[in-house]
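Now for the letters of each chain:
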Amino acid sequence: MSVKKILMIVGDFVEDYEVMVPFQILKMVGHQVDAVCPDKKAGDTVKTAIHDFIGDQTYVELTGHRFMLNADFDKTNPEDYDALVIPGGRAPEYLRLNKRVIEIVQHFKNKPIAAICHGPQILAAANMLKGKNMISYPAVGPECIIAGASFGEVSKGADNAVTDGNLVTAPSWPAHPEWMKQFLIVLGSKIEP
């Protein structure tokens, strides 16, 4: 397998499972994953959030873990990376306001990108969804459609993913098996027994 160098952009209150699980899966199969956050460097942490449904009309946000960054945002050169991962949670809502985040993300226009849940908010802000078939957390759907995407159906249980060329998207963490499987295919990864 050809090892890929993957950039993961995160921020405070990133969804706990959506940062930890893909980070671990991609490293498990042998890829290098650099997790960065604006205004932070390697060794710093971001707070994660756990979003759950407990009977209200929308999810609640519970305290998650602390996730340690392993690379410096200020030193990030997108040309050094083969692919991009954008987890969801609340972080994309404010990360999309960071000009440098948008510049970095736009560099990946023709490279593999995996975005989940609210992650496509950053892709919409970077003007990278026009003409794309994709999926996200349902509440982000209208934003993706306004950005020019064809928004897919979220299955019951939110366990599906959609691949369109280099872009792999999913609605939320229950889709990890399908989302990561499709992303590994786009990366050209081969997992040997």
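Small disclaimer: the values here were computed from a predicted structure and weren't measured.

Undergrad: Can you walk me through the sheet that holds strand 2 (residues 14–15) in this structure?
TA: Pairing between sheet strands relies on hydrogen bonds along the backbone, with the strands arranged either parallel or antiparallel. Ordered in space as 2-4-5, the 3 strands form an open sheet in which the pairing is mixed. In this open sheet, the two edge strands, each paired with only one partner strand, are strand 2 and strand 5 (60–68). The sheet contacts of helix 1 (residues 16–28) involve strand 2, strand 4 (45–52) and strand 5, and relative to strand 5 the element is tilted by about 35 degrees.

Undergrad: For this particular structure, what's the right way to read the nonpolar core?
TA: With 59 residues, the main nonpolar core has Ile9, Leu26, Val105, Leu123, Leu129, Trp179 and Phe183 as its most contacted residues. Examining the composition of this core, we find that 5 residues originate from one element, helix 6 (residues 176–187), more than from any other. Once residues lying within four places of it in the same chain are set aside, the contact partners of isoleucine 9 are Val36, Leu84, Val85, Ile86, Pro87, Leu95, Val101, Ile104 and Val105.

Undergrad: How should I be thinking about the pattern of salt bridges in this particular structure?
TA: Opposite charge on two side chains permits pairing when their charged atoms draw close. Across all of its chains, the model carries 6 salt bridges by this definition. Notably, a salt bridge pairs glutamate 61 with arginine 90, separated by 2.5 Å at the nearest N-O pair. In this pair, glutamate 61 is assigned in strand 5 and arginine 90 in the loop between strand 6 (83–86) and helix 2 (91–95), connecting sequence segments 29 residues apart. Using a relative accessible area of 33% as the deciding quantity, one classes arginine 90 as partly exposed.

Criteria and cut-off values
The numbering scheme is per chain: residues are counted from 1 as the chain's sequence reads. The predicted nature of this model means local features are confined to residues of pLDDT at least 70 and side-chain atom pairs, given and counted, to a pLDDT of 80 or more, with totals for whole chains, interfaces and linings taken over all residues. Derived side-chain values reflect all non-hydrogen atoms in the structure, with water molecules and hydrogen atoms excluded from consideration. When DSSP finds at least two bridges between two strands, those strands are taken to pair. Under the scheme used here, helices are H or I runs from DSSP no shorter than 4 residues and strands are E runs no shorter than 2 residues, and both carry numbers assigned from the N terminus. Contact definition: two residues touch when any of their heavy atoms are within 4.5 Å. For every element, the axis is a line fit to its C-alpha atoms; helices are fit only across the contacting stretch, and the angle between N-to-C directions ranges from 0 to 180 degrees. Definition used in this section: a nonpolar core is a set of buried Ala, Val, Leu, Ile, Met, Phe, Trp, Tyr and Cys residues joined via side-chain atoms within 4.5 Å. Note on classification: 1.4 Å probe, protein chains only; a residue is buried when its accessible area is under 20% of the maximum for its type, exposed when over 50%, partly exposed between these limits. We define a salt bridge as a side-chain nitrogen of Lys or Arg found within 4 Å of a carboxyl oxygen belonging to Asp or Glu.

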